[in-house]
Amino acid sequence: MEFFQGFTVTWAAEGPVADLSEQAVRTGWGFIGQVPPAVEQFNAVHRGDGLRQQWLFNQVKGVTDAAGLTLTSGDTDTLQEALAYQIWRGGEAAVPKSITSASGNDAGPDGHTHALDNTGVNAGTYGTSSAVGRFQVDQKGRITGAEQVDISLPNLSGVLPVGKGGTGATAVPQARSNLGMAPFMALADSLLAASGFVELVNDAGNFRLLIQWGEATVPADSSLRVEWPKVFPNACLNAFSCLGFIFSTTGDAGCSIRDLDAAGGTLLQGTATPGIVRYFAIGY
């Protein structure tokens, strides 16, 4: 009997077969005991195995037949090729027109050149070219020899919404507003000034850390009262100062800030000439 014929001929198809219960099948020969099995029992076991194998064989053969391939006992790649072909085709219900041969007909894994056109399910989304891509399929259904894709897309007008990754505007100020960048732009502007402040507010809005900076020209070997750019709502916690001009490294030089309160502080500098003193204050 030929190899594949064994999958089409069922054991005991024309012989007596016992009706085995599920419990008997689960128990195996143990339900018979030490005596040899009856002909009907022997046939039942092997016929059940044969029917299962025949079902699996029919499933495999159905796939290979649909791909136009022939099963042989020495070739173990036929099912793989048939499955690759079905994936390549996309199935009858997927894109029946998206892959065609040069003649316009559905083509199998025959080594011919195929064109991807814009007549399938997504018609029109590939531009105006009749063929946007070209490739080859080998005998195993693998795509090879892909050529450069020619895609022609129309110019699209409109504004991409913020929810889809856009700015929702064509004008820069409106785009910044849509993206909630106003506070960051204000912060950037204030940081460029010689004096200013930044408020850091917690999520509850009940605490504000206020950071301020500025500068003033202080007379030689003297002091000067300065007002903060913004009055601290509660108190100034600390402040620092530094000289902002060129001074002699061999003479007395120094600066400090004292008498801190919510409204300002006193700058001191100890050089022989007037000069700028810069300060940095933190409070809340």
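Just above sits the structure.
The model shown is predicted, which means the values in this text are computed figures rather than measured ones.

Peer 1: Explain unusual backbone geometry to me, and be specific about the residues and the numbers.
Peer 2: At Ala 12, a residue that is not glycine, the phi angle is positive and equals roughly 60°. Among the structural elements, Ala 12 can be located in the segment before helix H1 (22-27). For Asp 259, which is not glycine, the phi torsion reads 50° and is therefore positive. With respect to the helices, strands and loops of the structure, Asp 259 is situated in the loop between strand E9 (255-258) and strand E10 (264-269).

Peer 1: Can you break down a nonpolar patch on the surface residue by residue, with the values?
Peer 2: A cluster of nonpolar side chains, contributed by Trp 11, Trp 29, Phe 31, Phe 42 and Val 45, occupies part of the molecular surface with about 470 Å² of accessible area. Tracing the backbone through its elements, the reader meets Phe 31 in the loop between H1 and helix H2 (39-66). Judged by its relative accessible area of 34%, Phe 31 is partly exposed.

Peer 1: How would you sum up the sheet that holds strand E8 (residues 236-243)? Please name residues and give values.
Peer 2: Read across the open sheet, the 4 strands follow the order E5-E6-E11-E8; overall the sheet is antiparallel. At either end of the open sheet lies a strand with only one pairing partner, and these are strand E5 (196-201) and E8. Across the sheet, the mean angle separating the axes of adjacent strands is 15° when strand polarity is ignored. The sheet contact formed by E8 and strand E11 (residues 275-283) spans 7 bridges and is antiparallel. In the sheet register, Asn 238 faces E11, and the bridge partner there is Ile 282. Packing of helix H5 (residues 182-191) onto the sheet brings it into contact with E5 and strand E6 (208-218), and relative to E5 it is tilted by some 145°.

Peer 1: Summarise the environment of Thr 70; cite the residues concerned and give the values.
Peer 2: Here Thr 70 lies in the loop between H2 and helix H3 (78-89). When its relative accessible area of 62% is taken as the criterion, Thr 70 is described as exposed. Sequence separation between Thr 70 and Ala 82 is 12 residues, and the spatial gap between their C-alpha atoms is 9.8 Å.

Peer 1: Any chance you could break down H2 for me, citing the residues and the numbers?
Peer 2: With 28 residues, H2 ought to run about 40 Å at 1.5 Å a step, and its terminal C-alpha atoms sit 40 Å apart, in line with that. Those residues of H2 that sit buried are Asn 43, Ala 44, Gly 48, Gln 54, Phe 57 and Thr 64. Taken from the residues just after H2, Gly 68 is the one with a positive phi, measuring 75°.

Peer 1: Before we move on, could you go through the environment of Gly 283 and cite the residues and values that matter?
Peer 2: Secondary-structure assignment places Gly 283 in strand E11. Note: C-alpha distance between Gly 283 and Leu 237 (46 residues apart in sequence) is 4.7 Å. Not counting the four nearest positions on each side in its chain, Gly 283 is found in contact with Arg 208, Leu 209, Leu 210, Phe 232, Ala 235, Cys 236 and Leu 237.

Peer 1: Describe the nonpolar core, with residues and values.
Peer 2: Counting residues in each nonpolar core, the largest one holds 15 residues, and the members touching the most others are Trp 228, Phe 232, Ile 257, Leu 267, Tyr 279 and Ala 281. Among the elements of the structure, E6, E8 and E11 are those that each provide at least two residues to this core. Once residues lying within four places of it in the same chain are set aside, the contact partners of Ile 257 are Trp 228, Ala 239, Phe 240, Ser 241, Thr 266, Leu 267 and Tyr 279.

Peer 1: Any chance you could break down the packing of aromatic side chains for me, citing the residues and the numbers?
Peer 2: The geometry of an aromatic ring pair is captured by two quantities: the separation of the ring centres and the angle between the planes. For the structure shown, the criterion picks out 5 aromatic pairs. Each ring, one from Trp 228 and one from Phe 232, has its centre 6.1 Å from the other, and the planes form 75°; the classification is edge-to-face. Here Trp 228 matches Phe 232 in class, with each residue buried. For the ring pair Phe 245 and Phe 247, a centre distance of 6.3 Å and an interplane angle of 75° mean the geometry is edge-to-face. Assessed through its relative accessible area of 18%, Phe 245 is described here as buried. Taken together, the ring pairs in this structure connect Trp 228, Phe 232 and Tyr 279 into an aromatic cluster.

Peer 1: Please give an account of the side chain of Gln 212 that cites residues and values.
Peer 2: Within the secondary structure, Gln 212 is located in strand E6. Judged by its relative accessible area of 0%, Gln 212 is buried. Reaching out from Gln 212, the side chain makes a polar contact with the backbone oxygen of Lys 230 at a distance of 2.6 Å.

What counts and what doesn't
- Residues numbered from 1 in each chain as written.
- Predicted model: local features only at pLDDT ≥ 70, side-chain atom pairs only at ≥ 80, totals over all residues.
- Heavy atoms only, no water.
- Helix = DSSP H or I, 4+ residues; strand = E, 2+ residues; numbered from the N terminus.
- Patch = residues over 30% accessible without salt bridge, like charges linked within 9 Å, V, L, I, M, F, W, Y side chains within 5 Å.
- Areas by Shrake-Rupley, 256 points an atom, 1.4 Å probe, with all protein chains shown as cover.
- Salt bridge = Lys/Arg side-chain N within 4 Å of Asp/Glu carboxyl O.
- Buried < 20%, exposed > 50% of the residue type's maximum accessible area, 1.4 Å probe, protein only.
- Pairing = 2+ DSSP bridges.
- Axes fitted to C-alpha atoms, helices over the stretch in contact; angles between N-to-C directions.
- Contact = heavy atoms within 4.5 Å.
- Expected span 1.5 Å × (residues − 1).
- Core = buried A, V, L, I, M, F, W, Y, C linked by side-chain atoms within 4.5 Å.
- Phe/Tyr/Trp six-rings, centres within 6.5 Å; stacked < 30°, edge-to-face > 60°.
- Polar contact = N/O pair within 3.5 Å; in protein donor to acceptor, adjacent residues only side chain to side chain.

Just distances and angles here, no functional claims.
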